[in-house]
Amino acid sequence: MKSQSFSLIITLVLTSVFSLPIMADKTDDLTAVIKRRVAVVTGLLHNTTMGKKEKDVKIIESVEELVDFSLMAKLSLGAKRWRQLDGAKQKEYADIFVKRVKKSYLEKLYLYTDEKILVKQGAYMTKKVKGVQKIIKSRIEVPSYIIGKTDQTELLYKFYKTKQDKWLVYDIEIAGVSIVQTYRAQFAEVLKGASIDKLIGKLASSEPL
Amino acid sequence: MRLLLLLSLLITTLLLAQAPVTNSGKENTTAYEEENFDEVGFDDEFESEFSKDADQEDFDPLSGYNRIMTDFNDLFYTNVLYPVARVYGDIVPESGRVGVSRFFDNLHFPIRFVNNVFQFKFSNSGEELLRFCVNTTLGLLGFFDPAKAWFDLEAHDEDFGQTLGFYGLGGGFHIVLPILGPSNLRDTVGLVGNWYLDPIVYWQNRRYNLLSNNWQALGLKAIDVTNEASLHADEYESLKKDAVDLYPFFRNVYRQNREKQIEE
């Protein structure tokens, strides 16, 4: 009798342990991270006491540690062309690229100050390989929506896992348009028969074309 | 003895509790990509996420014309459309303009409905039908959107270009249309199909027409375009600033956005 109740207790303990949500998935962590950052940035945007320059600095600070800007610079140029450059040129290009991306990001933010942002559950990226859907454990996408006056725009944050097991954003898709991809297409066109210096020159000037 | 057994069981269960358990989600978790940490492998893994798109834009037979048209459109937007839209926006309060936008959106229901059906998206087409009925009646001819606000009915934007893409037709080469902006071969053909189902376009040989002639259609279209522009006035300028080279930028943005729309 005693052994019966004992095994009952064991069964109860084991089943309750295995039915508990054991570990918070990385997708939940990153979703929470994005929600927090969005709240911080929204708070900064609505702050009426800070000057614009100070706001800009604080906003960039709050997102800087989350975004791998140097990887974005490399991917926008294309890894092959990047490897062809010497260290000094790589740094020159990367610096000017990052400056431009940050400026562009801030401009967009100010445009959408009054819009509400809804962050949804992140998930691992999936890829179809030979007809089978596979999940990629080193990539997570966190979707969010900018609720506009008449429509919604999707903003997708794409994370990758670094060698140090850190997760960083390497691309953002706005309404399905990847910003790294748009840079790649443009840079490829500019670099047709021109050197990297022409591209650096264009990035340095704030005019399009 | 029993205490020892209990203790060891407790420790075992605690240890098991520390082990990560994969998400019992609907995704296929039977396989995943290994991370590649040597530099070339690492780069190539990312490259494979992007590079396929760049090749598709190499075939651009109309590039000369497209560039000129992009510049013309840019001049038109910057010097005609957006200034007029801004004046209009100063006169008409935003709530009114949002209502007008919803009104025109509601009128384009036939295009969305038919194309959802053609893509076998039956629950979506049903939701569109419900939206149309609710918004036309309760929403006072579509000026308001109680379908979303009260019943959480989502819109499902489909058009003939997307339907053709759904059936596997590739976009074809890029074409920049006057005033309408970037398009491609498939979507330009699709545009004609959309117009045929558009209640505020006048077709002489179509049985049902809401309007009586082309001038009315043009007038309404002008109001629609100006109204939309007034609601999105700053976005075009801001988008332009991201461009290092305007024409390939819009061409690429158009293609990516379109592919996403077709996927959905």
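Note that the coordinates shown come from a computational prediction; the quantities given were computed from them, not determined experimentally.

All names here are of chain B. Positioned with a positive phi, Phe120 is a non-glycine residue whose angle comes to about 60 degrees. Locating Phe120 in the fold gives a position in the loop between α5 (109–118) and α6 (122–137). We classify Phe120 as exposed; its relative accessible area is 53%. The backbone phi angle of Leu141 is positive, close to 60 degrees, even though this residue is not glycine. Take Leu141: it is sitting in the loop between α6 and α7 (146–149).

A few words now on the packing of aromatic side chains. With the rule as written, the count across this model stands at 27 aromatic pairs over all chains. On the numbers, 5.9 Å between centres and 35 degrees between planes, the contact of Tyr93 of chain A with Phe97 of chain A is tilted. Placement of the pair is Tyr93 of chain A and Phe97 of chain A together in helix α6 (residues 87–111), with a separation of four residues, close to one helical turn. The pair formed by Tyr93 of chain A and Phe97 of chain A is uniform in burial state, with each residue classed as buried. One aromatic cluster is present, formed by Phe76, Tyr77, Tyr82, Tyr236, Phe249 and Phe250 of chain B through successive ring pairs. The ring of Tyr196 of chain B has Arg206 of chain B sitting right over it, with the charged end atom 5.9 Å from the ring centre.

Take the side chain of Gln90 of chain A next. Residue and element names in this part refer to chain A. Along the chain, the position of Gln90 falls in helix α6. Side-chain polar atoms of Gln90 contact the backbone oxygen of Trp82, separated by 2.8 Å. Contacts of Gln90, omitting those with residues within four sequence positions, involve Trp82, Arg83 and Leu85.

With that settled, the discussion passes to α6 of chain B. Residues and elements named next belong to chain B. Taking 1.5 Å of rise per residue, the 16 residues of α6 would be expected to cover 22 Å, and the 23 Å separating its terminal C-alpha atoms lies within 8% of that figure. Regarding α6, the residues found buried are Asn124, Ser125, Glu127, Glu128, Arg131, Val134 and Asn135. Packing partners of the buried residues in α6 comprise α4 (94–107), α5 and α7.

In low-pLDDT regions, the fine details of the predicted coordinates are not to be read closely. Within chain A, residue pLDDT values average 85, and 89% of them lie at 70 or more. Across chain A, element-level confidence peaks in strand β5 (residues 167–174) of chain A with a mean pLDDT of 93 and bottoms out in helix α1 (residues 2–19) of chain A with 66.

With that out of the way, let us pick up the pattern of salt bridges. Applying the stated rule across the entire model yields 34 salt bridges over all chains. Between Lys58 of chain A and Glu54 of chain A there is a salt bridge, and its shortest N-O distance comes to 4.0 Å. Here Lys58 of chain A and its partner Glu54 of chain A are both found in helix α3 (residues 52–64), four residues apart, which amounts to about one turn of the helix. Classification of Lys58 of chain A as partly exposed rests on a relative accessible area of 37%. Since its relative accessible area comes to 41%, Glu54 of chain A is described here as partly exposed. Of the charged contacts, one joins Asp152 of chain B and Lys148 of chain B as a salt bridge, the two residues approaching to 2.8 Å between their closest N and O atoms. Each of the salt bridges in this network shares a partner with another, and the network as a whole consists of Glu189 and Lys192 of chain A together with Asp60, Arg67, Asp245 and Arg251 of chain B.

On to the pairing of strand β4 (residues 152–161) of chain A, then. All names here are of chain A. Extensive coverage of β4 is indicated by the burial of seven of its ten residues. Linking strand β3 (residues 132–147) to β4, which pair antiparallel, is a turn of four residues. One ladder, built from seven bridges, connects β4 with β5; its direction is antiparallel. In the sheet register, Phe159 faces β5, and the bridge partner there is Val169.

Counting residues in each nonpolar core, the largest one holds 50 residues, and the members touching the most others are Tyr93, Phe97, Phe159 and Leu199 of chain A. In contact with Phe159 of chain A, not counting residues within four places along its chain, are Leu30, Ile34, Leu66, Ser138, Arg139, Ile140, Val142, Trp167, Leu168, Val169 and Tyr170 of chain A. Counting residues in each nonpolar core, the second largest holds 13 residues, with Val177 of chain A together with Leu81, Ala229 and Tyr236 of chain B among its members.

Residues and elements named next belong to chain B. When you line up the elements, Ser63 lands in helix α3 (residues 63–91). Overall, the relative accessible area of 27% leaves Ser63 in the partly exposed class. With 185 residues separating them along the chain, Ser63 and Pro248 place their C-alpha atoms 9.5 Å apart.

For any two helices packed against each other, one specifies the crossing angle of their axes together with the interaxial distance. Residues and elements named next belong to chain B. At a minimum axis separation of 10 Å, helix α11 (residues 233–241) and helix α12 (residues 246–263) run at an interaxial angle of 115 degrees. Relative to α12, the element α11 lies roughly perpendicular. Judged by residue contacts, Tyr236, Leu239 and Lys240 of α11 engage Leu246, Phe249 and Phe250 from α12. For the contact of α11 with α12, the per-class residue count stands at five nonpolar, no polar and one charged.

Bringing the pairing of β5 of chain A into the picture now. Residues and elements named next belong to chain A. Judged by how many residues are buried, β5 sits mostly within the fold: seven of eight residues are covered. As consecutive antiparallel partners, β4 and β5 are separated by five residues, and within that stretch Asp165 has a phi angle of approximately 65 degrees, a positive value. Across two bridges, the pairing between β5 and strand β6 (residues 177–178) is antiparallel. Paired with Ile174 across the strands is Val177, a residue of β6. Turn length for the β5-β6 hairpin, with the two strands adjacent in sequence and antiparallel, is two residues, and the turn residue Ala175 shows positive phi of about 50 degrees.

About the criteria used
Residues numbered from 1 in each chain as written. Chains lettered and ligands numbered in written order. Predicted model: local features only at pLDDT ≥ 70, side-chain atom pairs only at ≥ 80, totals over all residues. Heavy atoms only, no water. Helix = DSSP H or I, 4+ residues; strand = E, 2+ residues; numbered from the N terminus. Buried < 20%, exposed > 50% of the residue type's maximum accessible area, 1.4 Å probe, protein only. Phe/Tyr/Trp six-rings, centres within 6.5 Å; stacked < 30°, edge-to-face > 60°. Lys NZ or Arg CZ within 6 Å of the ring centre and 35° of its normal. Polar contact = N/O pair within 3.5 Å; in protein donor to acceptor, adjacent residues only side chain to side chain. Contact = heavy atoms within 4.5 Å. Expected span 1.5 Å × (residues − 1). pLDDT = per-residue confidence, 0-100. Salt bridge = Lys/Arg side-chain N within 4 Å of Asp/Glu carboxyl O. Pairing = 2+ DSSP bridges. Core = buried A, V, L, I, M, F, W, Y, C linked by side-chain atoms within 4.5 Å. Axes fitted to C-alpha atoms, helices over the stretch in contact; angles between N-to-C directions. Parallel < 35°, antiparallel > 145°, perpendicular 65-115°, else oblique. Nonpolar A, V, L, I, M, F, W, Y, C, P; charged D, E, K, R; others polar.

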